Amino acid sequence: MIGYTTLGVSDMERAKQFYTDLFASKNAKIVTDMGRIAFISTGRGQPMLAVCEPYDKQPASAGNGTMVAFVADNKEEVDAIYARAIELGATDDGAPGQRIPDRFYGAYVRDADNNKLCFFVFG
């Protein structure tokens, strides 16, 4: 059910090295590196850990930059899960939409405790 988890960091190079080294025995490697965010995984279709500089440009801290992402089967499911979350009391933190052309479609909400959630599909 979980596609990837994001952790805010203050030093991208140090974080990428730490997590790839930490999970080297599982053959984890950086599968996508976009500068301020890098995804680490053990293989295509497997859960990922993302390390990133927080989007709001504030210092990384526990929770700042942290997000749990849930994979969907298609864009319509992203839209439906997002709508259901809002219906259940979540607040909008980024309506469904194409974030990276032809690569990533996602939606963002915050639950009642302000935890950030993402619903996404690659494509």
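Note that this is a predicted model, so its numbers are computed, not measured. Think of each chain on its own: its residues are numbered from 1, step by step along the sequence as written. Restriction of local features to residues with pLDDT of at least 70 applies here, the model being predicted, together with a cutoff of 80 or more for giving and counting side-chain atom pairs; totals for whole chains, interfaces and linings are based on all residues. Excluded from the side-chain calculation are hydrogens and water; included are all heavy atoms of the structure.

**As for the UniProt feature "domain: VOC" (unreviewed entry) in the chain**
For clarity, the threshold we go by: UniProt positions are given in the numbering used here, feature names are shortened, and annotations may be inferred rather than shown by experiment. Each helix corresponds to a stretch of at least 4 residues labelled H or I by DSSP, and each strand to a stretch of at least 2 residues labelled E; elements are numbered beginning at the N terminus.
Under the present numbering, the feature "domain: VOC" (unreviewed entry) in UniProt falls on residues 1-122. Between the end C-alpha atoms of residues 1-122 the distance is 14 Å, and the span holds 20% helix and 42% strand.

**Looking at the packing of aromatic side chains**
Formally: Centres within 6.5 Å are what make two rings of Phe, Tyr or Trp a pair, Trp counting through its six-membered ring; a difference in plane orientation under 30 degrees is then read as stacked, over 60 as edge-to-face, and the rest as tilted. The cut-offs for exposure are 20% and 50% of the maximum accessible area for each residue type, with area from a 1.4 Å probe on protein chains only; residues under the lower value are buried, those over the upper are exposed, and the others partly exposed.
For the structure on display, the rule yields seven aromatic pairs. Ring centres 5.2 Å apart and planes at 85° place the aromatic pair Tyr-4 and Phe-39 in the edge-to-face group. One end of the pair, Tyr-4, is in strand E1 (residues 2-8); the other, Phe-39, is in strand E3 (residues 37-41), and 35 residues separate them in sequence. Considered together, Tyr-4 and Phe-39 belong to a single accessibility category, that of buried residues. One aromatic cluster in this structure is built from Tyr-4, Phe-39, Phe-104, Phe-120 and Phe-122.

**Here we look at unusual backbone geometry**
Despite not being glycine, Asn-27 shows a phi value in the positive range, around 65°. By the element assignment, Asn-27 lies in the loop between helix H1 (12-22) and strand E2 (29-33). Its identity is not glycine, yet Lys-57 carries a phi of approximately 65°, on the positive side. Secondary-structure assignment places Lys-57 in the loop between strand E4 (48-52) and strand E5 (67-71).

**Structural notes on the side chain of Thr-6**
Using the following cut-off: Residues are treated as being in contact if the distance between any of their heavy atoms lies within 4.5 Å.
Structurally, Thr-6 is set in strand E1. Exposure remark for Thr-6: the relative accessible area of 3% places this residue in the buried category. Not counting residues within four places of it along the chain, the set of residues in contact with Thr-6 comprises Ala-50, Cys-52, Gly-65, Thr-66 and Met-67.

**Topic: the pairing of strand E6 (residues 91-100)**
Rule in force here: Strand pairing follows a simple DSSP-based rule, namely that at least 2 bridges must link the two strands.
As defined by bridge partners, E6 adjoins strand E7 (residues 104-110) across six bridges and the pair is classed as antiparallel. Bridge assignment links Gly-94 to a residue of E7, and that residue is Tyr-108.

**Things to note about the pattern of salt bridges**
Filter applied, for reference: For salt bridges, the criterion is a side-chain nitrogen of Lys or Arg within 4 Å of an Asp or Glu carboxyl oxygen.
Applying the stated criterion to the full structure yields five salt bridges. Between Lys-16 and Glu-13 there is a salt bridge whose closest N-O contact spans 2.9 Å. Within this pair, Lys-16 and its partner Glu-13 are both found in helix H1, separated by three residues, close to a single helical turn. Given a relative accessible area of 53%, Glu-13 falls into the exposed group. A salt bridge links Arg-84 to Glu-87, with the nearest nitrogen and oxygen atoms 2.1 Å apart. With a gap of three residues between them, Arg-84 and Glu-87 both fall in helix H2 (residues 75-87), about one helical turn apart. We classify Arg-84 as partly exposed; its relative accessible area is 43%. Look at the salt bridges and you will find they share partners, linking Glu-13, Lys-16 and Asp-33 into a network.

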